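# A closer look at the structure
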Amino acid sequence: MPTSIDVFQLQPSASEEDMNLCIEWIKAQLRAKQSVTLLVKRCEKQELIPMITVDQVSKIQQKLQELSLDPKSRKQELQELLQLYHKSNVKNQSLLIQIHIELAKFDDIEAQEKAIELLCKADEKIRKNFQPQFKVFLKDKIKFYLEQGAQETQAQNYKQALILYQKASELNTFYDEKDTTIQLNIQLGNTHQSLKELDQSLQIWEKTIKYIVGLGCQSQYQNELIYMYNNVGQIYYDKKSIQKATSNWDQAIIYLESQNNENQLELQSKQLLGHLLNNVGMIYYQKQEIKTAIINFQKTIEVYESIHGKNHISVGNRINNLGEAYRSDKQYDKALEMFYKALAIKKQDPNGNPSKSLASTINNIGMTLQNKGNYEEAIEQFQESLRMYNEPGVYSNPNAGDGALQQSNTMHSIAECYRFLKKLDLAINYFQQAYKLKKQELKIIHKSTQHTAIQLASSLFQVNQFEESLKIFQEVLEGQKQVYGPESAIVAQTINNIGTVLSELKQNEKAYQYVEEAIKIFEKQLNKNDPYLQKAYENMKNIKQKLQE
C-alpha cells in the first residue's frame, strides 16, 4: 500500500507532453497494483495544492474490516472513522454509506436516516450494493411514518398526518412493496378526504385501483378494492357525476356479493352491500332504468333480511322502495303487495307510528290505487296520510316547510281523484289548499306550483267560474315567463288558455289578441301539425265567429 501520492498540477498553458506524463504515471501505479487517489482542481494561474500524504480511502476501508467485536468499542471506532472521513475531505459515497449502515446497527436513528438519505440520492449501481440493508431501513422508516401518521389522524391533526404519509410515500418509491404501497395510498386518500381535498383523494384511489388491477391481484386485495370503489363512487356522486358513481359502486357490489355468496362477509361489509345496492337502485330508478332498479332493490331486501330479520323497520323501508319501482313500471298489483307489506312492518315499529315514513307508505298506496283508477279507495288512503302528517311529532310544523309541501302534494292527488269522479267542487277545494301551500313554500316560479295552479284554473273553468280561472291563469303566466322565457311554447299554451277564458267572459277582442299572440309563438316553436297549434287555430276560428255575431 502506498504511503503517499504525487501531485500533478496542470494549467491551461500545460503542454500535451505534460498531460501524457500524468497519464503514464497513473498507468504505472495501476500496473504495480497500487491504489491511486486523484485530487483534481481547475485553476487559471499557478496555485499550490497540498499534498495528500495518505490514501485515506484505503485506510478507512482497512479499519472497517478490522473493527472490534466488542459492541461498545466497535461503535466508538465507527464514530472515529466517520470523523476521519469528514476531516480528510474524502469523497467516496459507498464508503460513507457503509459507515452509517454499521452505525445504524446500534439503533442509531440519526445514522439510519443518513444512510437512507444517501442511498436515495445514490446511483442505482451503488444502491444495488446495499439493497438488503436499504430494504430493511426503508421498511422500518415507512412503518414509523405510518404509525406516527395514524396517531396524528386519531388526534385529527390531518395536516401533520399528511406530511408524515407523504414522507413515507417518497421513501416507498424505492421500496415499492405492494402491500405497503396499497395501504399507504389508502391512508393518503383518507387524509386528503379528511382535509376536504377530494380531487387528491380521487386521484390517489383511482391510481391505486389501477395499480392492483395492473398487477392482476384483485382477489388478494378485495377488501381494499371495495373500500376504494365505495369512496370513489361517493365522491363522484357528490360531484353529480352519477354515471361514474354507479360504475364504481357496481364494482364494489361485485366483490361484496362474491364474498357474501361464499359466506365470507362480516356484518359491517354486509351493511355496506345493502347500502350500495339501495343507492345504485335509487340511481337507476331516477334514470328510469326501472328493471335494473327492481333487481337492485330485491337484492337489497335479501341482504337486509339476512342482517335484521324480515320484520325490521329497515327492511320495511327497502320493501317500500321496491314498491315505488313496481309502480313506476306500471306493475300496480306488485306495487300494492310491497306497500302493504312495508306498511305492516312499519306499524309494528314502536318508534315509527305515527311517522313520516309510515305516512309516506300510506300515501304510496293511495297513488297506486289512483293509478289503477280506484279513486274512492285512493282518497281514503290520502286522507289517512294527511291525518298522520298533522300528528304531533311527525312534523314540527305541518303547515310550513317539508310538512306543508308533503300535504300540498297529497291534497293535489286528492283533488285529481275528485276531478276524475266528476266531483269538481271537492276537487277545486283541494286544489286551492294545495296551491296556497305551494305558493307559500315554492312561489309561483316553481313548476310544481304552476302545475297545481293550471289544474285549479282548468277546474274553475269547468264550473264556469271564469273570473277566478282567469286570475289563476294570469298568475301562472307571470311565473312561466320567468322560468321559460316569453317565447316558450309552454307560455303560449297558457296565453291560449287565457284567450279561451276571456272569450267565455265575452271579452272577444282581448281574447283575439291573446290567441293571436299564442299562435305566433306556436308557429315559431312547433310544427304545423302539432295539436297545440291546431287547438289555437280552432280557438281563433271560434273567437272570429263570435266577433262577427
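Residues numbered from 1 in each chain as written. Predicted model: local features only at pLDDT ≥ 70, side-chain atom pairs only at ≥ 80, totals over all residues. Heavy atoms only, no water.

What follows deals with helix α2 (residues 56-65). Q56, S58, I60 and L64 are the residues of α2 that are buried. Looking at the packing, one finds that the buried side of α2 touches α3 (71-87) and α4 (93-104). (Buried < 20%, exposed > 50% of the residue type's maximum accessible area, 1.4 Å probe, protein only. Helix = DSSP H or I, 4+ residues; strand = E, 2+ residues; numbered from the N terminus. Contact = heavy atoms within 4.5 Å.)

In this section: the confidence of the model for the protein chain. Averaged over all residues, the pLDDT of the protein chain is 90; the fraction at 70 or higher stands at 91%. Here residues 1-6 is a poorly scored stretch, pLDDT under 50, and it has 12 contacts once near neighbours within four places are set aside; other chains count. Taken together, the stretch residues 45-54 has pLDDT below 50 and engages in 21 contacts with residues farther than four places along the chain or on a different chain. (pLDDT = per-residue confidence, 0-100.)

Before going further, it helps to examine the packing of helix α5 (residues 109-121) against helix α7 (residues 131-154). Where α5 contacts α7, the axes come no closer than 10 Å and their chain directions differ by 115°. When you trace α5 past α7, the crossing you get is left-handed. Side by side, α5 and α7 meet where I109, Q112, E113, A115, I116, L119 and C120 of the first sit next to F134, F137, L138, D140 and K141 of the second. A class-by-class count of the residues in the contact of α5 with α7 yields eight nonpolar, one polar and three charged. (Axes fitted to C-alpha atoms, helices over the stretch in contact; angles between N-to-C directions. Left-handed = near helix turned anticlockwise from the far one by under 90°. Nonpolar A, V, L, I, M, F, W, Y, C, P; charged D, E, K, R; others polar.)

A few words now on the packing of aromatic side chains. Scanning the entire structure with this criterion turns up 10 aromatic pairs. When the centroid spacing of 6.0 Å and the interplanar angle of 55° are considered together, the rings of F134 and F174 count as tilted. Of this pair, F134 sits in helix α7 while F174 sits in helix α8 (residues 158-175), placing them 40 residues apart in sequence. Classification of F134 as buried rests on a relative accessible area of 1%. Judged by its relative accessible area of 28%, F174 is partly exposed. Look at F144 and Y145: their rings are 5.8 Å apart centre to centre, the planes differ by 55°, and that puts the pair in the tilted class. Its relative accessible area of 38% is what places F144 among the partly exposed residues. Across from the ring centre of Y145, 5.3 Å away, lies the NZ or CZ of K141, which sits over that ring. (Phe/Tyr/Trp six-rings, centres within 6.5 Å; stacked < 30°, edge-to-face > 60°. Lys NZ or Arg CZ within 6 Å of the ring centre and 35° of its normal.)

Another point: the environment of L146. Mapped onto the secondary structure, L146 falls in helix α7. For L146 and S408, which are 262 residues apart along the polypeptide, the C-alpha to C-alpha distance reads 55 Å.

Before going further, it helps to examine the pattern of salt bridges. Following the criterion strictly, the structure yields 17 salt bridges and no others. Here E102 and R74 are joined by a salt bridge, their closest N and O atoms 3.6 Å apart. Placement of the pair is E102 in helix α4 and R74 in helix α3, with a sequence separation of 28 residues. By relative accessible area, which is 14% here, E102 ends up buried. Overall, the relative accessible area of 22% leaves R74 in the partly exposed class. Here K299 and E257 are joined by a salt bridge, their closest N and O atoms 3.4 Å apart. Placement of the pair is K299 in helix α14 (residues 290-308) and E257 in helix α12 (residues 242-261), with a sequence separation of 42 residues. Several salt bridges converge on common partners, so that one network encompasses R74, E102 and K105. (Salt bridge = Lys/Arg side-chain N within 4 Å of Asp/Glu carboxyl O.)

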